[in-house]
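Structural description and commentary
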Amino acid sequence: MMKTAAILASVLGSAAAFAPAQSAFKATTALNAEKSPAVPFLPYPENLKGYIGDDIGFDPLRISDYFPMDYLRESEIKHGRICMLAIVGYITTDLGIILHPYGAGLTSATAHDALVEKGVMGNALVWIGGFEIVSWLAVSEMLQGSGREPGYFGFGTKFMEGKSAEDIKKLKYQEIMNGRLAMMAFGGAVTQSVLYDVGFPYIGSP
């Protein structure tokens, strides 16, 4: 019994002796790890590598650690495209260019409630729902390893013909950056127009 206790104490003592060294090694490794250019005090998010925008490595919340990058990039491109269309439509309506007969006299900020009352928004819901169902089939196949590129639906292939890989990457990067700008612009325009009851260029004061 005494012999077993002595062996156990010896093993535990040896493990304890190595613990500080291992902790120090981990701390040194963390300090020397590659940093995100966008947020230099944080480690580089490894899952961003190979995707457009990996040069700045912006993912401070480490969302890419918990969700597939293909899905995240698909969502970003999709919302960017929607907001690029949305901000143009929002401004166009407030400049007085109205296409729907029920839209006469409405602004972008007041159109939603008025068109809901007239039952028009149900049509929009059906069309948007149909598009979501169809597009999800492509997204689902992509997540199962089909090799489909996020945001790609087979359109614009002629536009890409004759362009180098670097040119194509630049165009894709520009789309992502313009989409991010449009998301900010649309959010700002809606907020200003509703808070201050103003039209384009949505400049109001308390």
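Parameters at a glance
Residues numbered from 1 in each chain as written. Predicted model: local features only at pLDDT ≥ 70, side-chain atom pairs only at ≥ 80, totals over all residues. Heavy atoms only, no water. Helix = DSSP H or I, 4+ residues; strand = E, 2+ residues; numbered from the N terminus. Buried < 20%, exposed > 50% of the residue type's maximum accessible area, 1.4 Å probe, protein only. Axes fitted to C-alpha atoms, helices over the stretch in contact; angles between N-to-C directions. Parallel < 35°, antiparallel > 145°, perpendicular 65-115°, else oblique. Left-handed = near helix turned anticlockwise from the far one by under 90°. Contact = heavy atoms within 4.5 Å. Nonpolar A, V, L, I, M, F, W, Y, C, P; charged D, E, K, R; others polar. UniProt positions renumbered as here; feature names shortened; annotations may be inferred. Polar contact = N/O pair within 3.5 Å; in protein donor to acceptor, adjacent residues only side chain to side chain. Phe/Tyr/Trp six-rings, centres within 6.5 Å; stacked < 30°, edge-to-face > 60°. Lys NZ or Arg CZ within 6 Å of the ring centre and 35° of its normal.

**As for the environment of Leu85**
- By the secondary structure assignment, Leu85 is in helix α2 (residues 69-94).
- Of the residues examined, Leu85 reaches a relative accessible area of 67% and is grouped as exposed.
- When the C-alpha atoms of Leu85 and Phe186 are compared, they prove to be 9.6 Å apart, with 101 residues separating the residues in sequence.

**Describing the packing of α2 against helix α4 (residues 121-143)**
- Direction vectors running N to C along α2 and α4 enclose 150 degrees, while the axes themselves pass 10 Å from each other. Taken together, the axes of α2 and α4 lie roughly antiparallel to each other. In terms of crossing hand, the pair formed by α2 and α4 is right-handed. Contacts between α2 and α4 involve Asp70, Tyr71, Glu74 and Lys78 from the first element and Glu132, Trp136, Val139, Met142 and Leu143 from the second.
- Within the contact of α2 with α4, the residues separate by chemical class into five nonpolar, no polar and four charged.

**As for the UniProt feature "binding site: chlorophyll a" (unreviewed entry) in the chain**
- With numbering matched to this structure, UniProt assigns "binding site: chlorophyll a" (unreviewed entry) to Ser64, Glu76, His79, Leu115, Glu175, Asn178, Arg180 and Gln192.
- Mapped onto the fold, Ser64 is located in the loop between α1 (2-32) and α2.
- Relative accessible area serves as the criterion here: at 3%, Ser64 is assigned to the buried category.
- Not counting residues within four places of it along the chain, the set of residues in contact with Ser64 comprises Pro45, Asn47, Leu48, Asp59, Met69 and Leu72.
- A distance of 2.7 Å separates a polar atom in the side chain of His79 from the backbone oxygen of Ser75.

**What to know about the UniProt feature "binding site: chlorophyll b" (unreviewed entry) in the chain**
- The UniProt feature table records "binding site: chlorophyll b" (unreviewed entry) at Arg81 and Glu141.
- Looking at where Arg81 falls in the secondary structure, it is placed in helix α2.
- Classification of Arg81 as partly exposed rests on a relative accessible area of 30%.
- If we skip the residues at most four places from it in the chain, Arg81 touches Gly151, Phe153 and Glu175.
- Locating Glu141 in the fold gives a position in helix α4.

**Quick notes on the packing of α2 against helix α6 (residues 165-196)**
- The contact between α2 and α6 brings their axes to 7 Å, and the two run at 50 degrees. Here α2 lies oblique to α6, going by the angle between them. Considering only the axes of α2 and α6, their crossing is left-handed. Here Arg73, Glu76, Ile77, His79, Gly80, Arg81, Cys83, Met84, Ala86, Ile87 and Tyr90 of α2 come into contact with α6, specifically with Glu175, Ile176, Asn178, Gly179, Arg180, Ala182, Met183, Ala185, Phe186, Ala189, Val190 and Ser193.
- For the contact of α2 with α6, the residue count by class is 13 nonpolar, five polar and five charged.

**With respect to the packing of aromatic side chains**
- Going through the model one piece at a time under the given rule, you end up with three aromatic pairs.
- Both rings, one in Tyr90 and one in Phe186, keep their centres 5.7 Å apart while their planes meet at 90 degrees; by these two values the pair is edge-to-face. With Tyr90 in helix α2 and Phe186 in helix α6, the pair connects residues that are 96 residues apart, well separated along the chain.
- Relative to Tyr202, the ring of Tyr90 lies with its centre 5.8 Å away and its plane at 55 degrees, an arrangement referred to as tilted. Taken together, the residues Tyr90 in helix α2 and Tyr202 in the segment after α6 connect sequence positions 112 residues apart. The residues Tyr90 and Tyr202 share a single accessibility class, namely buried.
- Among the aromatic residues, those joined into a ring-pair cluster are Tyr90, Phe186, Phe200 and Tyr202.
- A cation sits over an aromatic face here: Arg148 above Phe153, 4.7 Å from the ring centre.

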